Each structure stands twice: as structure tokens, then as C-alpha cells.
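# Structural characterization, general
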Amino acid sequence: MGNWVTREDYEWVYTDQPHADRRKEILAKYPQIKSLMGPDLSLKWIVCLMVAIQFLAFYFIKDMDWKWVLFWTYAFGSCINHSMTLAIHEISHNTAFGNNKAMWNRYFAMFANLPIGLPYSASFKRYHLDHHRYLGGDGVDVDIPTDFEGWFFCTRFRKFIWIILQPLFYAIRPLCINPKPITQLELTNVFVQLAFDVLLFWVWGVKPVVYMLAGSLLGMGIHPISGHFIAEHYMFLKGHETYSYYGCLNLLTFNVGYHNEHHDFPSIPGRRLPMVKKIAAEYYDDLPQYTSWVKVLYDFIMDDTLSPYSRVKRKLKGDVKLE
């Protein structure tokens, strides 16, 4: 567990990200894919159901022994809350109400944020669109670990700790890499979330609050679903910076595993991404892909050639327009 990773820097490249060119090529060949763009009318009802399920869980959790609170936090709450973060990811692309009702999407994301416990949705939207537009962009894409992460988490044991602490690093990283002025929407998100957390504590006590917050942290740490954090863009094979996963956990994650397809067509809702792969199969079938997010986590920890530095990074050229 003390083996040191051999990589000491990012994989610097001097080419543009592949997704824009592939999108143009696919649309030229299969223009019918444009019909898949637009809002997913079922998304808002699925999100409402998930929020209702967590509210019901809060009610039952309040009277349980602590051992069962902790058990259900990891076995159930962490899955729902991680899934909810990916619902917010979907909503950030305006797939709940469409581009013409952008603010409806922003406030609906705050509603989806409630069972997570930590104000997240408004800031995520701002940084995530930069991630799409400037994938791997130095000083812009906050999905890329900092130099400290790459330098320090360089053994198997430290990589294991890094995966546990991923929620912490995702929260701190924007402040280190690409800090932005706080917006009114972000302040509203904080106020609404804190008010909800206080109300939950006042009505049903501390156990639902622990279930909610711990579920979010555990679900985004050492958890089968959190394998997608590593699987999406960490360079397991030289020259490939985005990878897809087509397994059963896509059912809980709004098809975020279809990640090449998502970066090629971010305006297509996750529910329709399998149709993109089906229509343009020759563009995706031969790309590297995963069959297990759990195996991704295991391989990342145990492979001494992989570390937080295992990311493609590029210097941006021209004007950079941030969200």
C-alpha cells in the first residue's frame, strides 16, 4: 500500500478536445440526432418522486436506533443522494424545462438539492458548463485535480483516502483553480438549503440530518456509484480522455455513464443518450469503455501508474468565456 505512483505531472496535450469535431461529423451524417435534443418531460416527475422518497425516509429514520440510521444511510440514502446530484447535473443542462425556461431549471435544481443537505446546485451549474466548453483547460476546468492532489495522493493508501475525501476536494477545488464572484442565485441556494436543514432538525431531530448529510458524503466517496468520477476522464489509456460505461448503474444515474455521448451532445437528456449510441454506433463501439465502476475504483487505487495526475490537460487559446 506504500508503492509510489510514477507519474509526476498531468498529460499535457496541444490539441483541442475531441468532442466538438466528433459532434459535427456525427450531425453531418445523422442529422436526425437533432430531434433528440430538448427537455425530458419525465425528468421533473422522477426528481419529485426521489425528493418525496427521501422525505419519507427522513420520517422513518427519526425513530430508528443509531445502528440502523448508519446502515440505511450507506445502503439507501447514499444511493439516492448521489443519484440526486446527477439529477442536478441533468437539470444544469436545462433538460427539465428547456432553454426557454432557464430560471425554472435553476429553481427546480434548488428543490432537487434539498435532500442532499449542502447547497450545491447553483455553483455546480456555473462550473460544469466550463467543464464542457473547456475540457481539460488549465485554470478553468475544476474537474481536474490540483497539483497538491497529484503530488500528495501518490500511494495506494493515499489514493484510497483521496477517493473517500472526493466530496471535500470537489467543494474546495473551484476556490483554488477558478474562483468566481458569488451570484444572487448561489446566495439564494445557500439560504433555501440552510432553512430546510434547520427546519428538518427542528421538526424531526438530529437523526434525519445525519442521514441526509452523511448519505451525501458517503455516496460521493467510497461508494460503487462514485466510480463514475474516476471513470469519466481519468486517463487509463494514453490518448483517451473521456470514457463511457454501459452497465446497470446507469439506471440510478440518469445515464451519466454514456459519457462520450454526453460530451458530444450535452443538450440531449441522459434518457436519450442510448439512442445516440445506437444511431451512431460506429463512432462509439470501438472507443475504450468500462463494464464496472467498482473495478474502476479498485484499478485506480492498485495501479501504480495512475494518480490524480492522470488527466489530460491543455493550455487554452483565444478568448475564454466563463459562466
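Residues numbered from 1 in each chain as written. Predicted model: local features only at pLDDT ≥ 70, side-chain atom pairs only at ≥ 80, totals over all residues. Heavy atoms only, no water.

What follows is about the environment of Trp-151. Along the chain, Trp-151 turns up in helix α6 (residues 147-152). Taking the relative accessible area as the measure of exposure, Trp-151 reaches 56% and is therefore exposed. Taking C-alpha positions, Trp-151 is 20 Å from Val-13, a pair spaced 138 residues apart along the chain. (Helix = DSSP H or I, 4+ residues; strand = E, 2+ residues; numbered from the N terminus. Buried < 20%, exposed > 50% of the residue type's maximum accessible area, 1.4 Å probe, protein only.)

This part is about the state of the cysteines. Counted according to the given criterion, the structure contains zero disulfides. Cys-176 provides the cysteine sulfur closest to Cys-154, a residue in no disulfide bond, and the two sulfurs are 18 Å apart. For Cys-154, a relative accessible area of 6% gives the class buried. (Disulfide = S-S within 2.5 Å.)

What follows covers the UniProt feature "transmembrane region" (unreviewed entry) in the protein chain. Following the UniProt record, the feature "transmembrane region" (unreviewed entry) maps to residues 43-61, 68-87, 107-124, 187-204 and 210-231 here. As annotated, residues 43-61 has a helix share of 100% and a strand share of 0%, and its two end C-alpha atoms lie 27 Å apart. Between the C-alpha atoms that bound residues 210-231 there is a distance of 29 Å. The span itself is 68% helix and 0% strand. (UniProt positions renumbered as here; feature names shortened; annotations may be inferred.)

Moving on, we come to empty space enclosed by the protein. Under the defined criterion, the tally for this structure stands at two cavities of 30 Å³ or more. Lining the largest cavity, in full, are Ile-88, Ser-92, Arg-106, Ala-109, Ser-121, Ala-122, Lys-125 and Leu-185. Secondary structure elements with two or more residues in the lining of the largest cavity: α3 (66-92), α4 (102-113) and α5 (121-133). Taken together, the residues that form the lining of the largest cavity break down as four nonpolar, two polar and two charged. (1 Å grid on protein atoms, 1.4 Å probe; cavity = no way out; pocket = protein on both sides within 12 Å on 5 of 7 lines; lining within 4 Å. Points joined across faces, edges and corners; volume = space filled by probe spheres on them. Nonpolar A, V, L, I, M, F, W, Y, C, P; charged D, E, K, R; others polar.)

Okay, the packing of α3 against α5 next. Two elements in contact, α3 and α5, have axes whose closest approach is 10 Å; the angle formed by their N-to-C orientations is 60 degrees. As far as their axial angle goes, α5 and α3 are oblique. Considering the relative orientation of α3 and α5, their crossing is right-handed. Residue-level inspection shows Ile-88, His-89 and Ser-92 of α3 in contact with α5, the latter providing Ser-121, Phe-124, Lys-125, His-128 and Leu-129. (Axes fitted to C-alpha atoms, helices over the stretch in contact; angles between N-to-C directions. Parallel < 35°, antiparallel > 145°, perpendicular 65-115°, else oblique. Left-handed = near helix turned anticlockwise from the far one by under 90°. Contact = heavy atoms within 4.5 Å.)

Let us look at the pattern of salt bridges. Side-chain pairing between opposite charges can occur once the charged atoms of the two side chains come close. Considering all chains together, one arrives at 17 salt bridges under this definition. A salt bridge links Asp-264 to Arg-22; the shortest N-O distance between them is 2.7 Å. Of this pair, Asp-264 sits in helix α12 (residues 259-264) while Arg-22 sits in helix α1 (residues 19-29), placing them 242 residues apart in sequence. For Arg-22, a relative accessible area of 13% corresponds to the buried category. Two residues, Glu-149 and Arg-173, come together in a salt bridge whose shortest N-O distance is 2.8 Å. (Salt bridge = Lys/Arg side-chain N within 4 Å of Asp/Glu carboxyl O.)

To continue, consider the nonpolar core. Counting 37 residues, the largest nonpolar core has Val-47, Met-84, Ile-91, Trp-162, Ile-230 and Phe-300 as the members making the most contacts within it. Secondary structure elements with two or more residues in this core: α2 (43-61), α3, α4, α7 (156-164), α11 (227-233) and α15 (293-302). Judged by nonpolar contacts, the second largest core, of 13 residues, contains Ile-26, Leu-27, Ile-33 and Tyr-284. (Core = buried A, V, L, I, M, F, W, Y, C linked by side-chain atoms within 4.5 Å.)

We now examine the UniProt feature "domain: Sphingolipid delta4-desaturase N-terminal" (unreviewed entry) in the protein chain. On the UniProt side, "domain: Sphingolipid delta4-desaturase N-terminal" (unreviewed entry) is annotated at positions that read residues 5-43 here. Measuring from the first to the last C-alpha atom of residues 5-43 gives 42 Å, for a span that is 31% helix and 8% strand.

A separate point is the environment of Leu-249. Structurally, the position occupied by Leu-249 is in the loop between β2 (244-245) and α12. Taking the C-alpha atoms as reference points, Leu-249 and Ala-20, separated by 229 residues in sequence, lie 27 Å from one another. Once residues lying within four places of it in the same chain are set aside, the contact partners of Leu-249 are Pro-224 and Trp-293.

A word on the layout of surface pockets. Rolled over the atoms, a probe as big as a water molecule pinpoints where empty space is left. As a volume, the largest pocket reaches approximately 1,100 Å³. Secondary structure elements with two or more residues in the lining of the largest pocket: α3, α5, α8 (166-177), α9 (184-204) and α11. Approximately 530 Å³ is the volume found for the second largest pocket. Those elements that provide at least two residues to the lining of the second largest pocket are α1 and α5. No other element matches the four residues that α1 contributes to the lining of the second largest pocket. When the residues that make up the lining of the second largest pocket are grouped by side-chain class, the tally is eight nonpolar, six polar and eight charged.

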